[in-house]
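Chain by chain, the residues run as shown.
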Amino acid sequence: MEKTETRVIETTETGEPDVVCSDLVRIFTAQGVEVQALQGLNLRLDRGELVALIGASGSGKSTLLGILSGLDVPTAGVARVAGHDLLALGRRERVAFRRRSVGFVWQQTGRNLLPYLTAAENVAAALAVAGARGDREARVREVLEVLDVAGVADRRPAQMSGGQQQRVAIAVAIANEPRVLLADEPTGELDEATSASVLEAMRSVNERLGVTTLIVTHDPTVSEHVARTVQIRDGRTSTEVLRSTRTDEHGAEQAVAEEFAVLDRVGRLQLPHDFVGALGLHDRVRLSLEPNHVAVRPGQEQRPTAAPPIPTAVPHPEPSTVQDAAPSAAPAAGTPAAPPRGRHAAPTQEDAS
Ligand SMILES: Nc1ncnc2c1ncn2[C@@H]1O[C@H](COP(=O)(O)OP(=O)(O)OP(=O)(O)O)[C@@H](O)[C@H]1O
Ligand SMILES: [Mg+2]
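Residues numbered from 1 in each chain as written. Chains lettered and ligands numbered in written order. Predicted model: local features only at pLDDT ≥ 70, side-chain atom pairs only at ≥ 80, totals over all residues.

Undergrad: Before we go on, may I ask you to explain the overall build of the protein in this structure?
TA: In terms of regular secondary structure, the protein is built from eight helices and 16 strands. Residue burial in the protein is summarised as follows: out of 353 residues, 34% are buried. Considering only contacts within the protein whose residues lie at least 6 apart along the sequence, 66% involve residues at least 24 apart. (Helix = DSSP H or I, 4+ residues; strand = E, 2+ residues; numbered from the N terminus. Buried ≥ 20, exposed ≤ 12 C-beta atoms within 10 Å, placed from the backbone. Contact = placed C-beta atoms within 7 Å.)

Now the structure itself:
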């Protein structure tokens, strides 16, 4: 009944993905203290994909986007975007890469647009800087229409709402038809309704133009707008949620979200905090290979606390198992209380709304 599925990040399939990060490391040194912002991160986006990247503050999201946009250089590992090796780019190639291969939208609405230019002039300026050929005026009109902001073409940023400014910023970012669109918290300064409409705009751009899109956010509700959400924890991709629709036995469409742990090339994965907490796992754990899953048990014997009376007829239950990326539909009979959330277990049925 259940599917045994594990995402392994591979980089060798035919047709290069638009974004490939493999064992990516970025170490910052500030006042003699080293911060490992990215600790062997793996990520792959196929051409035309739309992916949300979520994670707690400080988990490395902006560091990753800085690298993918060519602003920053990683300490080690592999980072390839639109066929460019970001560790090997020379200075001029890097400038060309930033102008032609990637588009970028920042969180701060004021950082995306030149304040003294109108929306149309901002888009035209981006085309001019990139040396775009063809009818630039037509292209300006076209992208403003795609983003539904043709009505504010002659206004300067201060004369637009925050949502309009971010839509124009997306228009600027995609004007030159980059292969990859990167957005770092593009809705961070917007209210909920405006955020949802800007995210919908990004989804529509992705669908209509096929630009590979990575949206960074710490808003977990973003995953409702995208088919794939990658979570980053402590500088590594830890889990992914894939959404799809299925038709149930009554013919009704249902949205289904499945969460997976990310297993890297050398077999590492991160156990969710709540799993670790539920069993008090620390330092060493015991692994055993079961017929269709891997069991993770506390490494130390669990000492009984207040020694409650044990019913003589009932045998001791086996130690609880935490299943990793090989999910099973239901815990084995006799397994003690499951962790609070059914991660990596059966698909979550959700409203199709
Ligand atoms: N230039 C820098 N110098 C030193 N440390 C840095 C630098 N940039 C980021 N860091 C550190 O790297 C880690 C990751 O930071 P990053 O900005 O990537 O996090 P983030 O996930 O984008 O967080 P937020 O959600 O708050 O934006 C943090 O510990 C941060 O303090
Ligand atoms: Mg950030």
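Read on, since the account is not over.
Undergrad: Any chance you could explain the site of ligand 1 here in plain terms?
TA: Contacts to ligand 1 come from 13 residues, most closely from Phe-28, Ala-37, Ser-57, Ser-62 and Thr-63. Those elements giving two or more residues to the shell around ligand 1 turn out to be strand E2 (19-30), strand E3 (33-45) and helix H1 (61-68). Per-element tally for the shell around ligand 1: the top contributor is H1, with three residues. Among the residues forming the shell around ligand 1, the class breakdown is four nonpolar, eight polar and one charged. (Near = placed C-beta within 6 Å. Nonpolar A, V, L, I, M, F, W, Y, C, P; charged D, E, K, R; others polar.)

Undergrad: Where do I start with the nonpolar core in this structure?
TA: In globular proteins that are soluble, nonpolar side chains generally tend to be buried together. Membership of the largest hydrophobic core comes to 63 residues, with the highest contact counts inside it found for Val-123, Ile-170 and Ala-171. Among all residues touching Val-123, those that are not within four sequence positions of it are Val-140, Val-143, Leu-144, Ala-171, Val-172 and Ala-175. (Core = buried A, V, L, I, M, F, W, Y, C linked by C-beta atoms within 7 Å.)

Undergrad: Is there a simple way to think about the sheet that holds E3 in this case?
TA: For sheets, the rule is that strands pair by backbone hydrogen bonds, running either parallel or antiparallel. Taken together, the four strands give an open sheet; going across it, the order is E3-E2-E5-E6, and neighbouring strands pair in antiparallel fashion. What marks the edges here is a single partner per strand, and that holds for E3 and strand E6 (84-85). Pairing of E2 with E3 involves ten bridges; the strand directions are antiparallel. The residue of E3 that forms the bridge with Arg-26 is Leu-38. Sheet strands in contact with H1 are E2, E3 and strand E5 (76-81), and its direction is about 65° off that of E3. (Pairing = 2+ DSSP bridges. Axes fitted to C-alpha atoms, helices over the stretch in contact; angles between N-to-C directions.)

Undergrad: Quick question: what am I supposed to make of the packing of helix H4 (residues 119-129) against helix H6 (residues 162-174) here?
TA: Running from N to C, H4 and H6 point in directions that differ by 25°, and their axes come no closer than 8 Å. Judged by the angle between their axes, H4 and H6 are roughly parallel. Crossing of H4 over H6 shows right-handed handedness. Within the contact between the two elements, H4 uses Ala-119, Asn-122, Val-123 and Ala-126 and H6 uses Val-168, Ala-171 and Val-172. Looking at the contact of H4 with H6 residue by residue, the class counts come to six nonpolar, one polar and no charged. (Parallel < 35°, antiparallel > 145°, perpendicular 65-115°, else oblique. Left-handed = near helix turned anticlockwise from the far one by under 90°.)

Undergrad: Explanation requested: the environment of Ala-255 in the structure shown.
TA: Inspection of the secondary structure puts Ala-255 in strand E12 (residues 253-263). Each C-alpha atom of the pair Ala-255 and Glu-224 lies 9.8 Å from the other, and the pair is 31 residues apart in sequence.

Undergrad: Before we go on, may I ask you to explain the packing of H4 against helix H5 (residues 136-146) in this structure?
TA: Geometrically, a packed helix pair is captured by the angle between its two axes and the distance between the axes. Viewed as axis vectors pointing N to C, H4 and H5 meet at an angle of 125°, and their least axial separation amounts to 9 Å. Between H4 and H5, the interaxial angle falls into the category oblique. Classified by chirality, the crossing of H5 by H4 is right-handed. Across the interface between the two elements, Ala-119, Ala-120, Val-123, Ala-124 and Leu-127 from H4 touch Arg-136, Arg-139, Val-140, Val-143 and Leu-144 from H5. Of the residues belonging to the contact of H4 with H5, the class tally is eight nonpolar, no polar and two charged.

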